[in-house]
Amino acid sequence: MLLCLPLAVLVFAGCGARAESKPELTVFAASSLTDVFEELGEEFERRNPGVEVRFNFAGSSVLLTQLHQGAPADVFASADEAKMKTAEEVGIVGGPRVFARNSPVIIIPQDNPAGVENLQDLARPELQLVLAQKGIPIAEYTEEILAKADSRYGEDFEGRVMANVVSREADVRAAVNRVTLGEADAAFVYASDVTPGVRDRVEVVEIPAGVNIVATYPIAVTENAPDPELAREWVDLVSSEEGQDVMEEWGFRRAT
């Protein structure tokens, strides 16, 4: 009997360890959502004791590729509707809803060595501009803005600005970092990217309302979500009044 007891205890302990494994929620989200989603993640874990929220932050196009290749996720949150529409069309997600909006802005280093004061200044020769990689929503929004600005500043305005692009960054947060480090004269980012940690190192140049656009953020549960119930709870949280308040605190605009 004494010889069997340790074995019985070991088997019971092993079963208990499996039963007590932490449930996880995996959220694939646009990099511009990093700060606000991390805060909401803490609230979600508080409401769901024992649940661990894991994030994969990257450019929306990168996330879409990963999901298309079979990467496991419960939720996909994109910085534009085009990527979400593609995800829905190929059966990656279902029933997306808009949960936030954002405004593109221009940021410059605080000492502003290039003397940038407005959108038109970005066409100056030899100015060093950084953008996110092609296909990333902020880069696509930038091209849309510049195309609209052609009618205001001349048909060659977009071409002159794009000729000043010296680097294409992995995502919008990488573009922010280049400016905060003084390695670029300007970058197109979202208003929400000017976080408390960034605010004292950059200046914001507003884009004229007549040429600016509104960035729309949709979110959806993935069709192959390992835990669809938890995923729906996450979507409900970020869409709730409380979630919208937190989004607004981080510089986003409410969904409605």
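Here's what I pulled together on the structure shown here.

What counts, and at which threshold
- Residues numbered from 1 in each chain as written.
- Predicted model: local features only at pLDDT ≥ 70, side-chain atom pairs only at ≥ 80, totals over all residues.
- Heavy atoms only, no water.
- Helix = DSSP H or I, 4+ residues; strand = E, 2+ residues; numbered from the N terminus.
- Buried < 20%, exposed > 50% of the residue type's maximum accessible area, 1.4 Å probe, protein only.
- Contact = heavy atoms within 4.5 Å.
- Lys, Arg positive; Asp, Glu negative; His and termini not counted.
- Charge placed at Lys NZ, Arg CZ, Asp CG, Glu CD.
- Polar contact = N/O pair within 3.5 Å; in protein donor to acceptor, adjacent residues only side chain to side chain.
- Axes fitted to C-alpha atoms, helices over the stretch in contact; angles between N-to-C directions.
- Parallel < 35°, antiparallel > 145°, perpendicular 65-115°, else oblique.
- Core = buried A, V, L, I, M, F, W, Y, C linked by side-chain atoms within 4.5 Å.
- Expected span 1.5 Å × (residues − 1).

Description of the overall build of the chain
Right, so step 1: A count of helices and strands for the chain gives 10 helices and 10 strands.
Right, so step 2: Dimensions along the principal axes, computed over C-alpha positions, put the chain at roughly 90 × 40 × 35 Å.
Right, so step 3: Each of the 256 residues in the chain was classed as buried or not, and the buried ones make up 48%.
Right, so step 4: Considering only residue pairs separated by 6 or more positions, the chain has 78% of its internal contacts joining residues 24 or more positions apart.
Right, so step 5: Taking the 22 positively charged and 43 negatively charged side chains of the chain as two groups, their mean positions are separated by 1 Å.

Thoughts on the side chain of Asp193
Right, so step 1: Here Asp193 is to be found in the loop between strand 8 (186-190) and helix 8 (196-199).
Right, so step 2: Residue Asp193 is classed as buried on the basis of its relative accessible area of 1%.
Right, so step 3: In this structure the side chain of Asp193 is engaged in a polar contact, spanning 2.6 Å, whose partner is the side chain of Arg173.
Right, so step 4: Every residue in contact with Asp193, bar those within four places of it in the chain, is listed here: Ser32, Val172, Arg173, Val176 and Val198.

Focus: the packing of helix 3 (residues 60-68) against helix 4 (residues 81-89)
Right, so step 1: Following both chains from N to C, one finds helix 3 and helix 4 inclined at 10 degrees, their axes separated by 10 Å at the closest point. Taken together, the axes of helix 3 and helix 4 are roughly parallel relative to one another. Residues Ser60, Ser61 and Leu64 of helix 3 pack against Lys83, Thr86 and Ala87 of helix 4.

A word on the nonpolar core
Right, so step 1: Ranked by size, the top nonpolar core spans 70 residues in total, and within it Leu33, Phe37, Phe99, Leu119 and Trp234 carry the most contacts.
Right, so step 2: When residues of this core are assigned to their parent elements, the largest contribution, 7 residues, is made by helix 5 (residues 137-153).
Right, so step 3: Core analysis: the next-biggest nonpolar cluster, separate from the first, contains 12 residues, Ala58, Leu64, Phe76 and Ala87 among them.

Regarding helix 2 (residues 34-47)
Right, so step 1: Compared with an ideal rise of 1.5 Å per residue, which puts 14 residues at 20 Å, helix 2 spans 20 Å between its outermost C-alpha atoms and is within 8% of the ideal.
Right, so step 2: Burial in helix 2 covers these residues: Thr34, Val36, Phe37, Leu40, Gly41, Glu43 and Phe44.

Here we look at the environment of Pro137
Right, so step 1: Mapped onto the secondary structure, Pro137 falls in helix 5.
Right, so step 2: Accessibility expressed as a relative area gives 2% for Pro137, which makes it buried.
Right, so step 3: Through-space distance from the C-alpha of Pro137 to that of Ser78 is 8.6 Å; in sequence the pair is 59 residues apart.
Right, so step 4: The contact partners of Pro137, leaving out residues within four places of it in the chain, are Ser60, Ala79, Asp80, Lys83 and Tyr190.

Thoughts on the environment of Ser192
Right, so step 1: One can find Ser192 in the loop between strand 8 and helix 8.
Right, so step 2: Separated by 57 residues in the primary sequence, Ser192 and Glu249 place their C-alpha atoms 9.1 Å from one another.
Right, so step 3: Once residues lying within four places of it in the same chain are set aside, the contact partners of Ser192 are Ser32, Asn102, Arg173, Trp250, Gly251 and Phe252.

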